[in-house]
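If you want the building blocks of each chain, they are given just below.
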Amino acid sequence: QVQLVESGGGLVQTGGSLRLSCAASARTVDNYAMGWLRQAPGKEREFVAAISRSGLVRYYADSVKGRFTISRDNAKNTVYLQMNSLKPEDTAVYYCAKARGQIASMKTYEYDFWGQGTQVTVSS
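Here's what I pulled together on the structure shown here.

## Side note on the sheet that holds strand S7 (residues 68–73)
Across the sheet, which stays open at both edges, the four strands sit in the order S1-S3-S8-S7 with antiparallel pairing between neighbours. A single partner strand is all that each edge strand has here, and the edge strands are strand S1 (4–7) and S7. Within this sheet the neighbouring strands show an average axis-to-axis angle of 15°, counted without direction. As defined by bridge partners, S7 adjoins strand S8 (residues 78–83) across six bridges and the pair is classed as antiparallel.

Okay, here's the thing in structure tokens:
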């Protein structure tokens, strides 16, 4: 059974940083590509970042490229999202998600399971 638990969200000022963590059930991270999705108020859930099973391929939404970094520690069954230079438009609920396979994808429909989400609020 897949279980994903996000943490690390909170309130931060514009320009600040946060690191989100996603703790997964045993061997989940090791066997699948993983990603981060987010949903802002009044908007659809959108892709943020993805990482292949091997960690060799990483994708980012244009809106976060250069500011966010996704990484994984398969030994700890954990995925991270380092967020720097945060902007108010980054405010959203962030979800850790498991891809259907081992290849990273920028398309939200390629993710078949996600966690409960963690709130990130960036004040101006």
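## A look at the pattern of salt bridges
Across all of its chains, the model carries four salt bridges by this definition. As a salt-bridge pair, Asp90 and Arg38 come within 3.0 Å of each other at their nearest N and O atoms. With Asp90 in the loop between S8 and strand S9 (92–99) and Arg38 in strand S4 (residues 34–39), this residue pair connects regions lying 52 residues apart in the sequence. With relative accessibility at 1%, the residue Asp90 sits in the buried group.

## Observations regarding a nonpolar patch on the surface
Together, Leu56, Val57, Tyr59 and Met106 line one region of the surface with nonpolar side chains, adding up to about 390 Å² of accessible area. Mapped onto the elements, Val57 comes out in the loop between strand S5 (46–51) and strand S6 (58–60).

## Re the pairing of S5
In terms of residue burial, S5 counts as a mostly covered element, since five of its six residues are buried. Pairing geometry for S4 and S5, over five bridges, is antiparallel. Bridge pairing links Leu37 to Phe47 in S5. Hairpin connection, S4 to S5: the antiparallel pair is bridged by six residues, and Gly42 has positive phi, about 75°. Relative to S6, S5 runs antiparallel, the two sharing three bridges. Across the sheet, the residue bridging to Ile51 is Arg58, located in S6. Joining the antiparallel neighbours S5 and S6 is a turn of six residues, in which Gly55 adopts a positive phi near 85°.

Conventions adopted
- Residues numbered from 1 in each chain as written.
- Predicted model: local features only at pLDDT ≥ 70, side-chain atom pairs only at ≥ 80, totals over all residues.
- Heavy atoms only, no water.
- Pairing = 2+ DSSP bridges.
- Helix = DSSP H or I, 4+ residues; strand = E, 2+ residues; numbered from the N terminus.
- Axes fitted to C-alpha atoms, helices over the stretch in contact; angles between N-to-C directions.
- Salt bridge = Lys/Arg side-chain N within 4 Å of Asp/Glu carboxyl O.
- Buried < 20%, exposed > 50% of the residue type's maximum accessible area, 1.4 Å probe, protein only.
- Patch = residues over 30% accessible without salt bridge, like charges linked within 9 Å, V, L, I, M, F, W, Y side chains within 5 Å.
- Areas by Shrake-Rupley, 256 points an atom, 1.4 Å probe, with all protein chains shown as cover.

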